[in-house]
Amino acid sequence: AGGPNEYGTIFKINPDGSGFTKLKDLPFEARHPTGGLMLGTDGFLYGLTAQGASTEMGIVIRLRPDGTGFQILFDLTGYGVIAYNASLIQVNGKLYGLTMYGDSGDSGSIFRVNVDGSNFVEVFQFSGTNGASPSGSLVKGSDGKLYGTTRSGGLNNFGVIFKFDPANNGFQVLRHLSQADGVTPSGGLVYTTNNKLIGLTEAGGSNGRGTIFQMDPSGANFSVKVNFNDSNGAYPWTNKVIQATDGNLYGVVHNGGLSNNGVVFKMTLSGTYTKIVEFPEEGNTP
């Protein structure tokens, strides 16, 4: 939100927090952005907004990094509601993304669209038994496949981890999540430099506060690396882990820690977990 019309803005900022610059006040026709921006191979930034002029399903947008050339590329009306915390990913020049529900099956879909907004197609629709309500963003593995999670559906209705092949639209459920695994993953996955998939769940695990899990891209060797327990964090709602240039994994958790206002954590690839920030009262709920 924010900006002159409360429709949201696009901005840039230096990594040290200086140089904040507003690049674009979003219009009514493409408002309330979700997720992040993606830099395309053509030098444009691509993103998604939750609402448009006549829809609450989602809009695909692009602009240049200097704020010029803003365009509305596609209106998802009739195709489904953009997933929580969703960003786009580019594969072989095409943009891929997720809808959460509102398509013909009402369980969400994977879609593909050209960078100019043409040739939009739902390349896969979730059915419930193979997952429902995907969230976050797709991530590309070193094998060229795309990986993601759903918030619900699957054999236990706690969500699934899935693999999608953009070459032939092949789909595979890698794991039907259980209460012990953690339930309701919502921030997407990270594909690490040692070829592992790592993600967060909002709840479940041994303490019911959510987990950090790891598995191979084949679906083998699933393990829970962290069970959140309030002290080390709790309920990582829509948050995603990233791998930094030092090789470690970093993320934020919505609750737990000092004053129950959330934490920033670091985790090594072997699974050693460390709180590095506990949010005080004046800086709560990341």
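Treat the numbers as computed from the prediction; the structure is a model and nothing was measured.

Visitor: Whenever I open this one, the overall build of the protein confuses me. Can you help?
Guide: Secondary structure assignment for the protein yields zero helices and 23 strands. The C-alpha atoms of the protein give 18 Å as radius of gyration, which agrees with the globular expectation for 286 residues (19 Å, within 12%). Along the longest, intermediate and shortest principal axes, the C-alpha atoms of the protein span 45 × 45 × 30 Å. Out of the 286 residues in the protein, the part that is buried amounts to 50%. A separation of at least 24 residues holds for 36% of the contacts in the protein among residues at least 6 apart in sequence. For the protein, the accessible area works out to roughly 11900 Å², and carbon and sulfur atoms hold 48% of it. Charge centroids of the protein, computed over 19 positive and 22 negative side chains, lie 6 Å from each other.

Visitor: How should the sheet that holds strand E6 (residues 71–75) be read in this particular structure?
Guide: Neighbouring strands of a sheet are bound in pairs by backbone hydrogen bonds; such pairs are parallel or else antiparallel. Taken in spatial order, the four strands of this open sheet run E3-E4-E5-E6, and their pairing is antiparallel. The open sheet has two edge strands with one neighbour each: strand E3 (30–39) and E6. When strand polarity is set aside, the average angle formed by the axes of neighbouring strands in this sheet is 25°. Where strand E4 (residues 45–52) and strand E5 (residues 59–63) come together, five bridges link them in antiparallel fashion. Looking at the pairing, Thr-49 lines up with Ile-59 of E5.

Visitor: Help me understand the sheet that holds strand E15 (residues 170–176), please; the structure alone is not making it clear to me.
Guide: Ordered by their spatial adjacency, four strands build an open sheet running E12-E13-E14-E15, and the pairing between neighbours is antiparallel. Edge positions in the sheet fall to strand E12 (132–140) and E15, since each has one partner strand and no second. Within this sheet the neighbouring strands show an average axis-to-axis angle of 25°, counted without direction. Where strand E13 (residues 146–152) lies against strand E14 (residues 160–165), four bridges are found, and the strand directions are antiparallel. Opposite Gly-148, over in E14, you have Phe-162 as the bridge partner.

Visitor: Would you take a moment to explain unusual backbone geometry for this structure?
Guide: With the exception of glycine, the majority of residues adopt a negative phi angle, and the majority of peptide bonds are in the trans configuration. Although it is not a glycine, Asn-119 adopts a positive phi angle of roughly 55°. Inspection of the secondary structure puts Asn-119 in the loop between strand E10 (109–114) and strand E11 (121–125). A positive phi angle is found at Tyr-235, which is not glycine, with a value near 55°. Looking at where Tyr-235 falls in the secondary structure, it is placed in the loop between strand E19 (223–227) and strand E20 (242–243).

Here is what the cut-offs are and how they apply
Residues numbered from 1 in each chain as written. Predicted model: local features only at pLDDT ≥ 70, side-chain atom pairs only at ≥ 80, totals over all residues. Heavy atoms only, no water. Helix = DSSP H or I, 4+ residues; strand = E, 2+ residues; numbered from the N terminus. Rg over C-alpha atoms; globule rule 2.2 N^0.38 Å. Buried < 20%, exposed > 50% of the residue type's maximum accessible area, 1.4 Å probe, protein only. Contact = heavy atoms within 4.5 Å. Areas by Shrake-Rupley, 256 points an atom, 1.4 Å probe, with all protein chains shown as cover. Lys, Arg positive; Asp, Glu negative; His and termini not counted. Charge placed at Lys NZ, Arg CZ, Asp CG, Glu CD. Pairing = 2+ DSSP bridges. Axes fitted to C-alpha atoms, helices over the stretch in contact; angles between N-to-C directions.

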